[in-house]
Amino acid sequence: KPVTEIEYIESSGGQYIDTGLVASGRKFEFEFSLVSQTGYVFGSQLVDASGSGFTLVVNGGSWFIYIGSSYKSAVLSNNVRYHVECENGRQVLYNVSTPETLLINGTLTASFSSNTVYLFNSHANAGAKTGSSIKLYYCKIYNNNVLERDFIPVVRDAKGYLYDKV
């Protein structure tokens, strides 16, 4: 059956998508907007403690990109579209309508978890953490600058999901 590309896929916080890929050596690029100010947008963690691994998470109204146990933070608003690029040594986050204004411009480095990266949540040793309620517009994953995943939101039979164009 054919699929129809849609603008975004929205999570309620109870779902996640396993990318099947670990973070090491990869760049993650995606755009999202917050529906509510809770949970993990994406990530992979070595342990179950907040802030370990490779994650984008909300904590007390501020958003944090964690690389290892170090982080860069910014305050984000609901219903605003944000662009994220995250890899070892480079983290960028900005409002899509004002890309010249970087909310996060980091150079954090660390070793990464062997857990695969989840979208809409974070993959810790004990499984999924606290999911986020977001709209995801796309997600691209590169391995050494080669596009490895190109997720776009689609609908088929009235069900939304991410389709990998690669």
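What you see is a predicted model; the values in this text were computed from it and never measured.

Procedures and definitions
The numbers attached to residues start from 1 for each chain and follow its sequence in the written order. Reporting in this predicted model follows two pLDDT cut-offs: at least 70 for local features of residues, and 80 or more for side-chain atom pairs to be given and counted; totals over whole chains, interfaces and linings ignore these cut-offs and use all residues. Computation of side-chain values covers all heavy atoms of the structure but excludes hydrogens and water. In this description a helix means any DSSP run of H or I spanning at least four residues, a strand means any run of E spanning at least two, and both kinds are numbered starting from the N terminus. Throughout, exposure labels follow a simple rule: accessible area from a 1.4 Å probe, protein chains only, divided by the maximum for the residue type, with under 20% read as buried, over 50% as exposed, and the rest as partly exposed. Using a grid of 1 Å spacing that covers the protein atoms alone, one calls a set of points a cavity when a 1.4 Å probe fits there but cannot get out, and a pocket when the set is open and has protein on both sides within 12 Å along at least five of seven lines; lining residues are those with an atom within 4 Å of a point. Grid points are joined across faces, edges and corners, and a volume is the space filled by probe spheres set on the points. Only Asp, Glu, Lys and Arg are considered charged in this grouping, and only Ala, Val, Leu, Ile, Met, Phe, Trp, Tyr, Cys and Pro are considered nonpolar; every other residue, Gly among them, is considered polar. For this analysis, a ring pair means two rings from Phe, Tyr or Trp (six-membered ring only for Trp) whose centres lie within 6.5 Å, classed as stacked if their planes differ by under 30 degrees, edge-to-face if by over 60, and tilted for the remaining angles. Each pair of strands is called paired provided DSSP finds at least two bridges between the two strands. When a carboxyl oxygen of Asp or Glu lies within 4 Å of a side-chain nitrogen of Lys or Arg, that pair is called a salt bridge.

### Section: the overall build of the protein
Now for step 1: Secondary structure summary: the protein contains zero helices and 17 strands in total.
Now for step 2: The 166 residues of the protein split such that 48% are buried.

### A closer look at empty space enclosed by the protein
Now for step 1: Tallied over the entire structure, the rule returns one cavity of 30 Å³ or more.
Now for step 2: Taken as a whole, the largest cavity holds about 40 Å³ of empty space.
Now for step 3: In terms of lining, the largest cavity is formed by Phe-30, Val-41, Phe-42, Leu-119, Phe-120, Ile-134 and Leu-136.
Now for step 4: Those elements that place two or more of their residues in the lining of the largest cavity are β5 (40-44) and β15 (134-143).
Now for step 5: Each residue belonging to the lining of the largest cavity can be placed in one class, and the counts come to seven nonpolar, no polar and no charged.

### Things to note about the packing of aromatic side chains
Now for step 1: Going through the model one piece at a time under the given rule, you end up with six aromatic pairs.
Now for step 2: Ring centres of Phe-28 and Phe-42 lie 5.8 Å apart, and the angle between their planes is 35°; on these two criteria the pair is classed as tilted. Within this pair, whereas Phe-28 is found in strand β4 (residues 26-34), its partner Phe-42 is found in strand β5, the two being separated by 14 residues in sequence. Here Phe-28 and Phe-42 have matching classes, each one buried.
Now for step 3: With centroids separated by 5.9 Å and ring planes inclined at 40°, the aromatic side chains of Phe-32 and Tyr-82 adopt a geometry described as tilted. In this pair, Phe-32 sits in strand β4 while Tyr-82 sits in strand β9 (residues 81-87), placing the two residues 50 residues apart along the sequence.

### A few points about the environment of Cys-139
Now for step 1: Tracing the chain through its elements places Cys-139 in strand β15.
Now for step 2: As a C-alpha pair, Cys-139 and Phe-30 span 109 residues in sequence and 4.2 Å in three-dimensional space.

### Structural notes on the environment of Ile-17
Now for step 1: One can find Ile-17 in strand β3 (residues 17-18).
Now for step 2: Taking C-alpha positions, Ile-17 is 9.2 Å from Phe-42, a pair spaced 25 residues apart along the chain.

### Looking at the pairing of β15
Now for step 1: The element β15 is extensively covered by neighbouring structure, given that eight of its 10 residues are classed as buried.
Now for step 2: For strand β2 (residues 9-10) and β15, the ladder comprises two bridges, and the chain directions are antiparallel. Following the sheet pairing, Ile-9 is matched in β15 by Leu-136.

### Some points on the pairing of β5
Now for step 1: Taken across its five residues, β5 has five buried, putting it largely inside the fold.
Now for step 2: Pairing of β5 with strand β12 (residues 118-119), which is carried by two bridges, proceeds in the antiparallel orientation. Counterpart to Phe-42 in the pairing with β12 is Leu-119.

### Let's talk about the pattern of salt bridges
Now for step 1: This structure, assessed with the given rule, holds five salt bridges.
Now for step 2: For Glu-85, the salt bridge goes to Lys-27, with nearest N and O atoms at 3.8 Å. In this pair, Glu-85 sits in strand β9 while Lys-27 sits in strand β4, placing the two residues 58 residues apart along the sequence. The residues Glu-85 and Lys-27 share a single accessibility class, namely buried.
Now for step 3: Residue Arg-149 pairs with Asp-164 through a salt bridge whose shortest N-O separation is 3.9 Å. Pair noted here: Arg-149 is in strand β16 (residues 146-156) and Asp-164 is in strand β17 (residues 159-164), with a separation of 15 residues, a long-range link.
Now for step 4: Take Asp-164: its relative accessible area is 22%, and that puts it in the partly exposed class.

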